[in-house]
Amino acid sequence: MHSLRRLTIGVSLPSGRRTLSTSSKVVFSGIQPTGTPHIGNYAGAIREWVKLQHDPDENCRRFFSVVDLHAITNSQYAPQLRQRKRETLAALLATGLDPKKSVLFYQSSVPAHTELMWILSCTASTGYLSRMTQWKSKLGLSPHTSLQDGGVKASLKLGLFSYPVLQAADILVHRATHVPVGDDQRQHLEFARECVTNFNHAYGPHLRPPQTIISSSRRIMSLQQPAKKMSKSDVDPKSCILITDTPEEIRRKVMAALTDSMNFVSFDPDARPGVSNLLGILSIFDSSGRDPAQLAKVLENRSLMDLKQLVTDAAISGLQGIRQRYIGFLSADEGKYIDWVEAEGARRARENAEETMVLVRQATGL
Ligand code: AQP
């Protein structure tokens, strides 16, 4: 863990304090309400967030956001998005996030995220953004696509292109020191650090670069197309194991997972992506913490049917209880409990973000 200098900055803060303490540990991360979280979101992010609640550092503050502004970079049906935001929050609570220990809120409830995004956009490089892979993968383009390639400018919307700037603002507005994300977000975190460098170069050392905490679990791939990552918004329900699936749904999906014609177990993501992905899923729930290659060694004499059976049992037992708690949170106090958690989280997040914005507005002359 890197040691942070304590910066003392003399500005008027909303609380009346004249100093902004930047020495404590602040965790920030987010999830898009584009569907029910799957085991990739769980292993790559949410489970790490829950673990961070056990940090013995009493001053550590944690912010976890349902990032609805990011979700609209793909067009959404409004009533469905509203419902999914509540469901995502219920899923976070069901996995163990505790509103007494973590601030849980919808991104759009805190306008400072978009205000800082605009300010960061003014010093962010479009060249850097054009090299990022997410807008290409969301448009189904090769990672080598350039902005100049035919048809790109017509299909690429500004919101999707500038998504990493909003993500940087999400992190920096809360002065996050630690950002736990899945491996696929590594590039975006590098970009957030670049945003800090650009802003601080222009206006002084007001923003601090965050550290990335990458989950030790591998990227989980689609059960049906193991060359693609598992995604909430995948139209094929058989591609994902949702954290709220019933045991029967889990069994059916694992049994239908695409593998190959060699009836033995080995770990080779390039030659055997389907089998290797099943080992990756098994490793998420392995109580001894073995990685997929170690599990493959142990299972080298077993058939693919045995492997699928083991994955099914491990996922059912690893996700046990989440579905019941999820249903309970959604219906608690006739649905008002979720709204209360969000309203309280949003209030605390707005307060925290405003402290940064007072400084940023002053530094930029706004
Ligand atoms: N397949 C995955 N394996 C491991 N980690 C994953 N994450 C996402 N997919 C996988 C991690 O989950 C966190 C929240 O992701 P997100 O909702 O912000 O966006 P995403 O990465 O675009 O997730 P999806 O499921 O693929 O959603 P859609 O379909 O809407 O694009 C992140 O920390 C991410 O790393």
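Bear in mind the structure is a predicted one, so any value in this text is a computation, not a measurement. Residue numbering note: each chain is counted from 1, following its sequence as written. Side-chain atom pairs in this predicted model are given and counted only at pLDDT of 80 or more, local residue features only at pLDDT of at least 70, and totals for whole chains, interfaces and linings cover all residues. Note that water and hydrogens are dropped before the side-chain values are worked out from all heavy atoms of the structure.

Focus on the overall build of the protein
To keep it simple, the criterion reads: Secondary structure counts use DSSP, requiring at least four H or I residues in a row for a helix and at least two E residues in a row for a strand, with both numbered from the N terminus. Computation of the radius of gyration draws on C-alpha atoms alone. For the globule rule, the value is 2.2 Å times the number of residues to the power 0.38. Exposure is judged per residue with a 1.4 Å probe applied to protein chains only, and the accessible area is read against the type maximum: over 50% gives exposed, under 20% gives buried, and values in between give partly exposed. The Shrake-Rupley method, run with a 1.4 Å probe, gives the accessible areas here. Residue values count only the displayed protein chains as cover. All tallies of charge rest on Lys and Arg as positive and Asp and Glu as negative; His and the ends of each chain are not included. To locate a charge, take atom NZ for lysine, CZ for arginine, CG for aspartate or CD for glutamate.
Along the backbone of the protein there are 16 helices and five strands. On C-alpha atoms alone, the protein measures out to a radius of gyration of 21 Å, which is about the 21 Å that the 2.2 N^0.38 rule sets for 366 residues. Projected onto its principal axes, the C-alpha coordinates of the protein cover approximately 65 × 55 × 45 Å. For the protein, buried positions account for 51% of its 366 residues. Summed over its atoms, the accessible surface of the protein is roughly 17100 Å², and 52% of this surface lies on carbon and sulfur atoms. The distance from the centre of the 45 positive side-chain charges to the centre of the 35 negative ones in the protein is 3 Å.

A short note on the packing of aromatic side chains
Keep this limit in mind: Pairing of aromatic rings covers Phe, Tyr and Trp, the last through its six-membered ring, and needs centres within 6.5 Å; plane angles under 30 degrees mean stacked, over 60 mean edge-to-face, and all others mean tilted.
Tallied over the full model, the rule gives six aromatic pairs. Measuring from ring centre to ring centre gives 6.0 Å for Phe329 and Tyr337, while their planes differ by 20 degrees; the resulting arrangement is stacked. Judged by relative accessible area, which is 22%, Phe329 ranks as partly exposed. On the basis of relative accessible area, Tyr337 is assigned to the partly exposed category, the value being 25%. On the basis of an interplanar angle of 25 degrees and a centroid distance of 6.1 Å, the ring pair of Tyr337 and Trp340 is categorised as stacked. Highlighted residues: Tyr337 and Trp340, both in helix H16 (residues 336–364), separated by three residues, approximately one helical turn.

Comments concerning the nonpolar core
What counts here: Grouping buried Ala, Val, Leu, Ile, Met, Phe, Trp, Tyr and Cys residues that are joined through side-chain atoms within 4.5 Å yields what is termed a nonpolar core. Boundaries of every domain are those given by an automatic assignment or by a domain database. Residue contacts are defined here by distance: any two heavy atoms, one from each residue, within 4.5 Å place the two residues in contact.
Formed by 54 residues in total, the largest nonpolar core has its most connected members in Ile39, Phe285, Leu307 and Leu319. Looking at which element gives the most residues to this core, the answer is helix H1 (residues 39–52), with eight residues. Counting the residues that make up this core, at least three belong to each of domain 1 (22–124 + 162–218 + 333–364) and domain 2 (246–318). Other than its neighbours up to four places away in sequence, Leu319 contacts Ile39, Tyr42, Ile241, Leu242, Ile243, Ile250 and Phe285. Counting 42 residues, the second largest nonpolar core, distinct from the first, contains Leu116, Phe161, Ala192 and Ala349.

Some thoughts on the pattern of salt bridges
Our working definition: For this document, the term salt bridge refers to a Lys or Arg side-chain nitrogen within 4 Å of an Asp or Glu carboxyl oxygen.
Under the counting rule described, the total for this entry stands at 20 salt bridges. Asp245 is the salt-bridge partner of Lys253, the closest N and O atoms lying 2.7 Å from each other. Between Glu248 and Arg251 there is a salt bridge whose closest N-O contact spans 4.0 Å. Highlighted residues: Glu248 and Arg251, both in helix H11 (residues 247–255), separated by three residues, approximately one helical turn. Taking relative accessible area as the criterion, Glu248 reaches 43% and is therefore assigned partly exposed.

Overview of the site of the ligand
For the record, the criterion: We call a residue near a molecule or strand as soon as one heavy atom of that residue lies within 4 Å of the molecule or strand. Two N or O atoms form a polar contact when they lie within 3.5 Å of each other; inside protein one atom must be a possible hydrogen donor and the other a possible acceptor, and for residues adjacent in sequence the pair counts only when both atoms belong to side chains. Here the term charged refers only to Asp, Glu, Lys and Arg, the term nonpolar to Ala, Val, Leu, Ile, Met, Phe, Trp, Tyr, Cys and Pro, and the term polar to all other amino acids, Gly among them.
Among the 21 residues in the neighbourhood of the ligand, the closest are listed as Thr34, Lys138, Asp184, Lys232 and Ser233. Here Gly182 contributes a backbone N or O atom positioned 3.0 Å from an oxygen atom of the ligand. Surface burial for the ligand is 97%, taken as the share of its 640 Å² of free accessible area covered by protein chains. Each residue belonging to the shell around the ligand can be placed in one class, and the counts come to five nonpolar, 11 polar and five charged.

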